Amino acid sequence: MMKTAKILIVDDEKVMQDSCEQILKKEGYKVKVASDGKEALRMFKEELFHVVILDIKLPGMDGIEVLSKIKEESPETPVVIMTGFASIESAVDALKSGAFDYLSKPFTPEELRISVRKALESRKIFFEGIYLRKELERQTKFDMVLGKSEGMKKVMDIVKRVSPSESTVLITGESGTGKELIAREIHKHSLRRDAPFVVVDCGALVETLFESELFGHVKGSFTGAHVTKHGRFEVANGGTIFLDEISNISLSIQAKMLRIIQEREVMRIGSSKLIKVDVRLIAATNENLAECVKNGKFREDLFYRLSVVPLHLPPLRDRKEDIPLLIDHFLHKYNRRSKKQIVGLSQDVLKALMQYDWPGNIRELENTIERAVVLSKSDEIELDALIYHGISSGSSLLSPIDGTYRSLEEVEKEYIKTVLQARHGNKSQSAKVLGIDRKTLITKIKKYHIQ
Ligand SMILES: Nc1ncnc2c1ncn2[C@@H]1O[C@H](COP(=O)(O)OP(=O)(O)OP(=O)(O)O)[C@@H](O)[C@H]1O
Ligand SMILES: [Mg+2]
């Protein structure tokens, strides 16, 4: 970022403009020059500058006013003020108005270079501050990837090969199969590892909020936009952006997203300035995106842009040999967390866990172990500490309630509900589990008024 930084010099004296420009260009920066405040603000509105060097005494609009306008529009941009000989008061005024630093004329090339370098550093810290707060909230969830099954070996092989590249990756897999974990793994092994990994949950917000979350907005661009906000793409600059549940984005945002991917530029809402962003994209979905393309819910061109490297995570039921490994790992994790010393599982518990279908995949297994650790009274987990998500301890459906057995229809209704829930409402998958065809399932759903 440092050497491609763009710097705006604002000064009405030609000699000053030229010498600053020369010094900074030699450093490899891109430099533009404005001769007065109006011109500077116009240029600032159109282009992104990383640092502004601003003379305080300008014809027309004075430097302090230009400074406050810049800070208002873009608080993250450091402004270095140049003051004339012995005007220390104006320097103080400028610092109070938000200037990052000041140089009193005449200054040496080295003074200018150092000031610009420090300014760029401050800008970086500003963004890292935003990113770190978000990242800290998530870090506790972060874990290592485990698995020795053929399926996971293939996945890890792709991860290894794709990580150092810049390719966009589309991770698919059922809910709880580890999509986010794998996305982080790719980032961690990429050259971008020291820059942010920014997660965007595409299903979480209403459209307008989501748009500002992604692209940012400028102060006053809509009701409620009290301050200028940086979009996730800006925050992720230099790093990786993880677009989770990508199938949820609307067609209009898909169009904007496509533009960003092609041009690598974003525009904050309410602004006409294009901001260059250098981000690697990883997207994830538990839906069949190709199917969404067929149904017209997802743009085909965006689909191809995203799925440069497709990576499918197999469901846990297709790699059951990973279960013991994962159980060990989660036992360790939750022992530590709940200060318990559970050594293992009884044989029948392990057998039950191996037999179970795990519709919620690894997340469900993790939750099951966590609960079992908490509930367990001995140092070995027994069957009574096992509560599966959805299908609770197995036989409850068939047990009598207050001594009365249920009718076949009641059991059928409950069972269909349970399976639908476990399959997140997916009718085709549920029908498969139930061993009936989809049409029959739909008829039964109607008959029992299942929501
Ligand atoms: N291979 C693995 N080894 C160890 N832990 C794993 C593995 N895969 C997933 N996990 C753990 O399982 C949990 C769920 O993983 P993750 O959130 O990445 O899944 P997901 O596919 O993004 O799920 P969803 O679709 O529900 O968002 C996390 O706590 C993660 O650390
Ligand atoms: Mg996820």
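Cut-offs and rules
Residues numbered from 1 in each chain as written. Chains lettered and ligands numbered in written order. Predicted model: local features only at pLDDT ≥ 70, side-chain atom pairs only at ≥ 80, totals over all residues. Helix = DSSP H or I, 4+ residues; strand = E, 2+ residues; numbered from the N terminus. Expected span 1.5 Å × (residues − 1). Buried ≥ 20, exposed ≤ 12 C-beta atoms within 10 Å, placed from the backbone. Arc of directions from axis to C-beta. Contact = placed C-beta atoms within 7 Å. Near = placed C-beta within 6 Å. Nonpolar A, V, L, I, M, F, W, Y, C, P; charged D, E, K, R; others polar. Domains from an automatic or database assignment. Core = buried A, V, L, I, M, F, W, Y, C linked by C-beta atoms within 7 Å. Pairing = 2+ DSSP bridges. Axes fitted to C-alpha atoms, helices over the stretch in contact; angles between N-to-C directions. Parallel < 35°, antiparallel > 145°, perpendicular 65-115°, else oblique.

**Here's the deal with helix 16 (residues 408–422)**
Helix length check: helix 16, at 15 residues, gives a terminal C-alpha distance of 21 Å against a target of 21 Å (1.5 Å per residue), a fit within 8%. Listing the buried residues of helix 16 in full gives Ile416, Val419, Leu420 and Ala422. All buried residues of helix 16 project into a common sector of 160° when viewed along the axis, lining one side. Elements in contact with the buried residues of helix 16: helix 17 (427–434) and helix 18 (438–447). Just downstream of helix 16 lies histidine 424, where phi reads positive at about 50°.

**Considerations on the site of ligand 1**
Near ligand 1, the surroundings consist of 19 residues, among which Leu146, Gly178, Lys179, Glu180 and Leu181 are the closest. For the shell around ligand 1, the class distribution of residues is five nonpolar, eight polar and six charged. Both of domain 2 (141–312) and domain 3 (316–385) provide at least three residues apiece to the shell around ligand 1.

**Some points on the domain arrangement of the protein**
Domain assignment breaks the protein into domain 1 (6–124), domain 2 (141–312) and domain 3 (316–385). Domain 2 and domain 3 are separated by 32 Å when their C-alpha centres are compared. Listed by partner, the interface residues are eleven residues for domain 2 and twelve residues for domain 3. Within the side of domain 2 that touches domain 3, the residues separate by chemical class into two nonpolar, seven polar and two charged.

**Concerning the nonpolar core**
Counting residues in each nonpolar core, the largest one holds 41 residues, and the members touching the most others are Ile171, Ile241 and Phe242. Formed by 33 residues, the second largest nonpolar core is a distinct cluster that contains Tyr29, Met82, Ala94 and Ala99.

**Topic: the sheet that holds strand 2 (residues 30–34)**
Sheet architecture is open: five strands sit in the order 2-1-3-4-5, paired in parallel fashion. Strands with a single pairing partner mark the edges of an open sheet, and in this sheet they are strand 2 and strand 5 (101–104). Taken pair by pair, the neighbouring strands of this sheet meet at an average axis angle of 20°, ignoring direction. In the sheet, strand 3 (residues 51–55) pairs with strand 4 (residues 79–83) via four bridges, with the strands oriented parallel.

**What to know about the packing of helix 17 against helix 18**
One can describe the packing of helix 17 onto helix 18 by two numbers: an axis separation of 9 Å at closest approach and a directional angle of 100°. The angle between helix 17 and helix 18 places the two elements in the roughly perpendicular class. Across the interface between the two elements, Lys427, Ser428, Ser430, Ala431 and Leu434 of helix 17 pack against Arg438, Leu441 and Ile442 of helix 18. Its residues assigned to classes, the contact of helix 17 with helix 18 comprises four nonpolar, two polar and two charged.

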